[in-house]
Amino acid sequence: MCVSNTYNDSEYQNDVVNRAGAVLARTGGKTVVNTPRNLFKVELNYDTASFYGSVAANYTGERYFTFTNNGGLVEDQTLFEATVGYRFSGSPLLEGLELQLNVTNLTDEDYVGTLGTNGFVNSGDSQTLVAGAPRQVFVTLRKAF
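Presented here is an overview of the structure given in this document. (Residues numbered from 1 in each chain as written. Predicted model: local features only at pLDDT ≥ 70, side-chain atom pairs only at ≥ 80, totals over all residues. Heavy atoms only, no water.)

Time to look at the environment of tyrosine 7. Following the sequence through the fold, tyrosine 7 ends up in strand E1 (residues 2-7). Separated by 29 residues in the primary sequence, tyrosine 7 and proline 36 place their C-alpha atoms 8.3 Å from one another. A polar side-chain atom of tyrosine 7 sits 3.3 Å from a polar atom in the side chain of arginine 37. (Helix = DSSP H or I, 4+ residues; strand = E, 2+ residues; numbered from the N terminus. Polar contact = N/O pair within 3.5 Å; in protein donor to acceptor, adjacent residues only side chain to side chain.)

Bringing the side chain of threonine 68 into the picture now. Following the sequence through the fold, threonine 68 ends up in the loop between strand E6 (63-64) and strand E7 (73-74). At a separation of 2.7 Å, a polar atom in the side chain of threonine 68 contacts the side chain of asparagine 70. Setting aside residues no more than four positions away along its own chain, threonine 68 makes contact with Ala25, Arg26, Thr27, Lys30, Asn122 and Ser123. (Contact = heavy atoms within 4.5 Å.)

A word on the pattern of salt bridges. The tally for this structure, following the rule as stated, stands at 4 salt bridges. Notably, a salt bridge pairs aspartate 47 with arginine 87, separated by 2.9 Å at the nearest N-O pair. Note that aspartate 47 is positioned in strand E4 (residues 38-47) and arginine 87 in strand E8 (residues 77-87), a separation of 40 residues in sequence. Here arginine 87 falls in the partly exposed class, since its relative accessible area comes to 25%. A salt bridge links glutamate 98 to arginine 142; its shortest N-O distance comes to 3.0 Å. One end of the pair, glutamate 98, is in strand E9 (residues 97-104); the other, arginine 142, is in strand E12 (residues 136-143), with 44 residues separating them in the sequence. With a relative accessible area of 36%, arginine 142 lands in the partly exposed category. (Salt bridge = Lys/Arg side-chain N within 4 Å of Asp/Glu carboxyl O. Buried < 20%, exposed > 50% of the residue type's maximum accessible area, 1.4 Å probe, protein only.)

To continue, consider the packing of aromatic side chains. Counted according to the given criterion, the structure contains 4 aromatic pairs. A ring pair is formed by phenylalanine 67 and phenylalanine 120, whose centres lie 6.2 Å apart and whose planes are at 75°; its orientation type is edge-to-face. Of this pair, phenylalanine 67 sits in the loop between E6 and E7 while phenylalanine 120 sits in the loop between strand E10 (112-115) and strand E11 (129-131), and the two are 53 residues apart along the sequence. Look at phenylalanine 120 and you get partly exposed, because its relative accessible area is 27%. Ring geometry for tyrosine 86 against phenylalanine 88: centres 4.9 Å apart, planes inclined by 75°, an arrangement best described as edge-to-face. One aromatic cluster is present, formed by Tyr12, Phe67 and Phe120 through successive ring pairs. (Phe/Tyr/Trp six-rings, centres within 6.5 Å; stacked < 30°, edge-to-face > 60°.)

Structure (structure tokens):
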């Protein structure tokens, strides 16, 4: 089993000002854009000579997509994934043969996968938010020689 947690409390220290000292954006004390406070991952693995598998949960906390934290907030999300596989044996033809099944976004969660591809703004909601991938299933058959 593997567990990982990250806690981040990053804030801008000052407002954005121009050369004359006029405030362009009130960012002082605001949370850094696109920075979740919490990231958490837990993964459970099982492996024998022939059978293996894993399940994992990945949590990403909410995050702002404007520098002033007033234009929008991307909700937190938890995504699950799973892997199962079998290593064949018993004859020279089967040695090194492996079949694996992977499922990402196991619960088919709707989530924001990427933000900020068009840059970030001081305030407002003119942000680029890209939808995350739906549930995907992959089957792999491989042979080592």
